[in-house]
Amino acid sequence: MKSQEIDNLMQLVLDSWSFDQEHYAHSVGNTESEKLAFAAGHVNDHINESTGRISRIIGEAQHTGVFDSEPLRQDPRRIVVNGLRLAAVLGISAEELVADIHAWAKKYKSPTR
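If you're wondering where the values come from, they're calculated on a predicted model, not measured in any experiment.

Here we look at helix α2 (residues 32–64)
- Its 33 residues give α2 an end-to-end C-alpha distance of 48 Å, which sits within 8% of 48 Å, the value for a rise of 1.5 Å per residue.
- Taken residue by residue, α2 has F38, A39, H42, V43, S50, R53, I57, G59 and A61 as its buried positions.
- Elements in contact with the buried residues of α2: α3 (75–89).
- With its phi angle positive at about 80 degrees, G65 sits one or two positions after the end of α2.

Have a look at this one:
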């Protein structure tokens, strides 16, 4: 994926789910540090909701032997959206994010692939 596509997704995410006084009047904070802490914490809460749902469904499957993946289909989308929100909140550009992912993958890529 090209960084421009990621940038477009990041902008869509920011336009759709913004951290502002209108949506979070009592929570955002006044200083830039407070706003950053709130936004990062809020994104973390949403990521934890998704990972918690995944853990619960997999845990049930491990006990029952029945795995229904359908309830999990929304979680990859939510995790990607919230990851992009976190990157934007932290000031990580799409170009930087793409380069970092490539470097990370290269570091762990098996030489046999």
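Focus on the packing of helix α1 (residues 3–16) against helix α4 (residues 94–108)
- Contact pair α1 / α4: the axes reach a minimum separation of 8 Å and the direction vectors enclose 125 degrees. Considering their axes alone, α1 and α4 lie oblique with respect to each other. The handedness of the crossing between α1 and α4 is right-handed. Here α1 contributes S3, I6, D7 and M10 to the contact with α4, which in turn contributes A94, E95, L97 and V98.
- Class assignment of the residues belonging to the contact of α1 with α4 gives a composition of five nonpolar, one polar and two charged.

Comments concerning the pattern of salt bridges
- Inspection of every chain in the model, using the stated rule, returns three salt bridges.
- With a closest N to O distance of 2.8 Å, R53 and D75 form a salt bridge. Taken together, the positions of R53 in helix α2 and D75 in helix α3 put the pair 22 residues apart, joining distant regions of the chain.
- According to the relative accessible area criterion, R53 is buried, its value standing at 17%.

Parameters at a glance
Residues numbered from 1 in each chain as written. Predicted model: local features only at pLDDT ≥ 70, side-chain atom pairs only at ≥ 80, totals over all residues. Heavy atoms only, no water. Helix = DSSP H or I, 4+ residues; strand = E, 2+ residues; numbered from the N terminus. Expected span 1.5 Å × (residues − 1). Buried < 20%, exposed > 50% of the residue type's maximum accessible area, 1.4 Å probe, protein only. Contact = heavy atoms within 4.5 Å. Axes fitted to C-alpha atoms, helices over the stretch in contact; angles between N-to-C directions. Parallel < 35°, antiparallel > 145°, perpendicular 65-115°, else oblique. Left-handed = near helix turned anticlockwise from the far one by under 90°. Nonpolar A, V, L, I, M, F, W, Y, C, P; charged D, E, K, R; others polar. Salt bridge = Lys/Arg side-chain N within 4 Å of Asp/Glu carboxyl O.

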